[in-house]
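# Observations on chain architecture
What follows is the residue order along each chain.
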Amino acid sequence: MLLEMLTRKKPTNDMFVGELSLRQWVKASTPYKIMEVIDGNLLRTEQGDVLAIMELRLECTRELLEERIDIKDVTIKLNKIKSQML
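Residues numbered from 1 in each chain as written. Predicted model: local features only at pLDDT ≥ 70, side-chain atom pairs only at ≥ 80, totals over all residues. Heavy atoms only, no water.

### Observations concerning the overall build of the protein
Tallying secondary structure elements over the protein gives five helices and zero strands in all. Start at the N end of the protein and walk to the C end: the helices and strands fall as α-α-α-α-α. Computed over its C-alpha atoms, the radius of gyration of the protein comes to 13 Å, within 12% of the 12 Å expected for a compact globule of 86 residues. Residue pairs in contact within the protein that sit at least 24 positions apart in sequence constitute 44% of those at least 6 positions apart. Looking at the protein as shown, the accessible area adds up to about 6300 Å², and 54% of this sits on carbon and sulfur atoms. (Helix = DSSP H or I, 4+ residues; strand = E, 2+ residues; numbered from the N terminus. Rg over C-alpha atoms; globule rule 2.2 N^0.38 Å. Contact = heavy atoms within 4.5 Å. Areas by Shrake-Rupley, 256 points an atom, 1.4 Å probe, with all protein chains shown as cover.)

### A closer look at the nonpolar core
Counting 13 residues, the largest nonpolar core has Leu 22, Trp 25, Val 26, Ile 34, Val 37, Ile 38 and Met 54 as its most contacted members. Elements supplying a minimum of two residues to this core: α1 (2-7), α2 (22-29), α3 (34-37) and α4 (47-60). Those residues in contact with Val 26, other than ones at most four positions away along the chain, are Leu 3, Thr 7, Met 54 and Arg 57. (Core = buried A, V, L, I, M, F, W, Y, C linked by side-chain atoms within 4.5 Å. Buried < 20%, exposed > 50% of the residue type's maximum accessible area, 1.4 Å probe, protein only.)

### A word on the environment of Ser 21
Examined against the element boundaries, Ser 21 turns out to sit in the loop between α1 and α2. Relative accessible area serves as the criterion here: at 26%, Ser 21 is assigned to the partly exposed category. Spatially, the C-alpha atoms of Ser 21 and Glu 66 are 20 Å apart, while their sequence positions differ by 45 residues.

### A short note on α2
Among the residues making up α2, those that are buried are Leu 22, Arg 23, Trp 25, Val 26 and Ser 29. The buried residues of α2 occupy an angular sector of 165° when projected down its axis, which confines them to one face. (Arc of directions from axis to C-beta.)

So, in structure tokens, the structure goes:
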């Protein structure tokens, strides 16, 4: 859901066919082409903040469940990003 919010794309979008998924598309764009996948309305924030959010969402959507970040750590990281943005 975080990926959908940041990109304004759904996993069912026509561009995601075959082996290409929303996660793979974003991951391939990180970090050098990240601004190409971010929703334009989010571009008003600092690039470093957006990159931190995108990296966190990659940690949340790892292929293997046991490799995913713990929700408590997600909360800590999101609060840190939020405080840097304010």
